[in-house]
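In case you want the letters, here they are:
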2 protein chains.
Amino acid sequence: MISQKAKYALRALLALAKEGDSLMIGEIAARKNIPRKFLEQILLEMKRHGIVHSRRGKLGGYSLLMPPEKITYGQVLRIIDGPIAPLPCLSRIAYRRCPDCKTEETCEIRRVFARVAESAREVLDRTTIADSLSASFLLDEPEGGAHEMAHL
Amino acid sequence: MISQKAKYALRALLALAKEGDSLMIGEIAARKNIPRKFLEQILLEMKRHGIVHSRRGKLGGYSLLMPPEKITYGQVLRIIDGPIAPLPCLSRIAYRRCPDCKTEETCEIRRVFARVAESAREVLDRTTIADSLSASFLLDEPEGGAHEMAHL
DNA sequence: GCTAAAGTCTACCGAACAGATAGAGTTAAG
DNA sequence: CTTAACTCTATCTGTTCGGTAGACTTTAGC
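Residues numbered from 1 in each chain as written. Chains lettered and ligands numbered in written order. Predicted model: local features only at pLDDT ≥ 70, side-chain atom pairs only at ≥ 80, totals over all residues.

Novice: Teacher, can you tell me more about the pairing of strand 2 (residues 61-64) of chain B here?
Specialist: One face of the sheet, then the other: side chains in a regular strand alternate in exactly this way. All names here are of chain B. The two faces of strand 2 differ: Y62 and L64 on one face are buried, but G61 and S63 on the other face are not. Bridge count between strand 1 (residues 52-55) and strand 2: four bridges; the pairing is antiparallel. Among the inter-strand pairings, H53 is bridged to a residue of strand 2, identified as S63. Between strand 1 and the antiparallel strand that follows it, strand 2, lie five residues; G57 among them carries a positive phi value of about 75 degrees. (Buried ≥ 20, exposed ≤ 12 C-beta atoms within 10 Å, placed from the backbone. Helix = DSSP H or I, 4+ residues; strand = E, 2+ residues; numbered from the N terminus. Pairing = 2+ DSSP bridges.)

Novice: Sorry if this is basic, but what is going on with the protein's contact with DNA strand D here?
Specialist: Taken together, 24 residues sit near DNA strand D, with S3, Q4, G57 and K58 of chain A together with I25 of chain B positioned nearest. The set of elements that each furnish at least two residues to the surface near DNA strand D consists of helix 1 (4-19) and helix 3 (36-48) of chain A together with helix 2 (25-32), helix 3 (36-48) and strand 2 of chain B. Tallied by class, residues from the surface near DNA strand D come to seven nonpolar, nine polar and eight charged. (Near = placed C-beta within 6 Å. Nonpolar A, V, L, I, M, F, W, Y, C, P; charged D, E, K, R; others polar.)

Novice: Before we go on, may I ask you to explain the protein's contact with DNA strand C in this structure?
Specialist: Taken together, 25 residues are adjacent to DNA strand C, and I25 of chain A together with S3, Q4, P35 and G57 of chain B come closest. Only helix 2 (25-32), helix 3 and strand 2 (61-64) of chain A together with helix 1 (4-19) and helix 3 of chain B provide two or more residues apiece to the surface near DNA strand C. Along the lines of polarity and charge, the residues of the surface near DNA strand C split into eight nonpolar, nine polar and eight charged.

Novice: It is not clear to me how the confidence of the model for chain A should be interpreted in this structure. Could you clarify?
Specialist: Interpretation of this model should avoid reading the predicted coordinates in detail wherever pLDDT is low. Counting all residues, the mean pLDDT for chain A is 90, and 88% of those residues have values of 70 or more. Across residues 140-152 of chain A, where pLDDT falls below 50, the model places 13 contacts with residues more than four positions away in sequence or in other chains. (pLDDT = per-residue confidence, 0-100. Contact = placed C-beta atoms within 7 Å.)

Novice: Just to check I follow, could you spell out the relation of the copies chain B and chain A for this structure?
Specialist: Turning one copy of the chain about an axis and sliding it along that axis gives the other copy, so a rotation and a shift relate them. Superposing chain B onto chain A takes a rotation of 180 degrees combined with a translation of 0.0 Å along the rotation axis, leaving an RMSD of 0.0 Å. Those values place the two copies in the arrangement expected of a two-fold rotation axis. Residue S119 of chain B, judged by its C-alpha, is the member of chain B lying nearest the rotation axis, at 3.2 Å. A share of 91% of interface residues in chain B that are also interface residues in chain A marks the association as one of identical surfaces. (Least-squares fit on C-alpha atoms with pLDDT ≥ 70 in both.)

Novice: Honestly, the packing of helix 5 (residues 108-124) of chain A against helix 5 (residues 108-124) of chain B in this entry has me stumped. Any pointers?
Specialist: Think of two packed helices as two axes; the pair is described by the angle between the axes and how far apart they sit. Remark: helix 5 of chain A packs on helix 5 of chain B, axes separated minimally by 9 Å, with the N-to-C direction vectors making an angle of 160 degrees. On the basis of their axis angle, the class for helix 5 of chain A and helix 5 of chain B is roughly antiparallel. The hand of the helix 5 of chain A/helix 5 of chain B crossing is right-handed. Along its contact with helix 5 of chain A, which presents V112, R115, V116, S119, A120, V123 and L124 of chain A, the element helix 5 of chain B presents V112, R115, V116, S119, A120, V123 and L124 of chain B. (Axes fitted to C-alpha atoms, helices over the stretch in contact; angles between N-to-C directions. Parallel < 35°, antiparallel > 145°, perpendicular 65-115°, else oblique. Left-handed = near helix turned anticlockwise from the far one by under 90°.)

Novice: Help me understand the interface of chain B and chain A in this model?
Specialist: Frequently, the measure chosen for interface size is the accessible area removed from exposure when the parts meet. On the chain A side, the residues contacting the 32 residues of chain B number 30 residues. At the level of elements, helix 1, helix 5 and helix 6 (129-133) of chain B are the ones that each hand at least two residues to the side of chain B that touches chain A. If one sorts the elements of the side of chain B that touches chain A by residue count, helix 5 of chain B sits on top with 11 residues. Residue classes in the side of chain B that touches chain A are distributed as 20 nonpolar, five polar and seven charged.

Novice: Would you explain the environment of F38 of chain A in this entry?
Specialist: Residues and elements named next belong to chain A. Within the secondary structure, F38 sits in helix 3. A residue is classified by how many C-beta atoms lie within 10 Å of it, and F38, with 13 of them, is partly exposed. Each C-alpha atom, one on F38 and one on K5, is 8.3 Å from the other, the two residues being 33 residues apart in sequence.

Novice: How should I be thinking about helix 2 of chain B in this particular structure?
Specialist: One turn of an α-helix holds 3.6 residues; hence residues three or four places apart share an orientation. Residues and elements named next belong to chain B. Turning to helix 2, its buried residues are I25, I28 and A29. For helix 2, the angular spread of the buried residues around the axis is 100 degrees, confining them to a single face. Away from the buried face of helix 2 by more than 90 degrees, exposed residues G26 and A30 are located. Turning to helix 2, the residues buried within the fold contact helix 1, helix 3 and strand 2. With its phi angle positive at about 65 degrees, N33 sits one or two positions after the end of helix 2. (Arc of directions from axis to C-beta.)

Okay, here's the thing in structure tokens:
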């Protein structure tokens, strides 16, 4: 399960992308039904990672710093929730050896979850905020190409 | 990330499948490097779900109740860690509406994670304990068929 | 410059969960 | 009837999740 916080982060970015302009925290919170003070923390974090930009004072607000076509779901999830990999020994951003696993290369479990991680990244690192907003993405299923595995 | 507990559960089942016979808790714990008392709870739970069988008293121990070809990773993970779906509104075993999501059908986030869930299930519900033990599975990559997405 | 309205920063908090550990109870073989 | 196994329930410590609080800083406009 992804965290509530990550869901809020994605929604906030979607709101900013849709608006295409600066928005105040309170406005984003209201539109997306997010606790305002909690959203503050989230946006601050997104700012630290160069995803959004902010203006202080009256007429302040947040806007996207990167174009929405460049912001992937994977990027946001890694910032908020940490690694996408289901095992620490499969993480690219925070590799840690499983302390109780003797031989990583022959670990039966690792092999299986490596495939899970791969296909999760396949989706999350290719899907952008802009994709989510575009009408073509709203079709029930993407038609062919990289997504055919979804039909297996 | 899957929990340590789930990892232990899978390892214990692998040990039982490999042995092909009854094993005492202490023996499984020793072979797989699992805290013994913790493993007790895990095996009890697997028993409640009809995965394993136990004998008490001297000469007691645990053995598989289902053939290892029928025990999937998905099954074990759902027992120990709960839903595989990354959002409650995408879970098949424990569906819950996202309380802060107005229109489920048009939720942009849900669409994306539905694809993630689908491909995770694709791997986890098809891979069995027996698969993990078989030599062919030990090849670096499965060759073709359902797994070609792993190369994208 | 003062004030109102916006973002910034740090701390805290209650509930739940993770990863165990403890120990008394039950069963069965020899 | 003792020993060695599984069974059950409780407890514990530390961390994370989801959120709240409040003091502080910046800026626009009068």
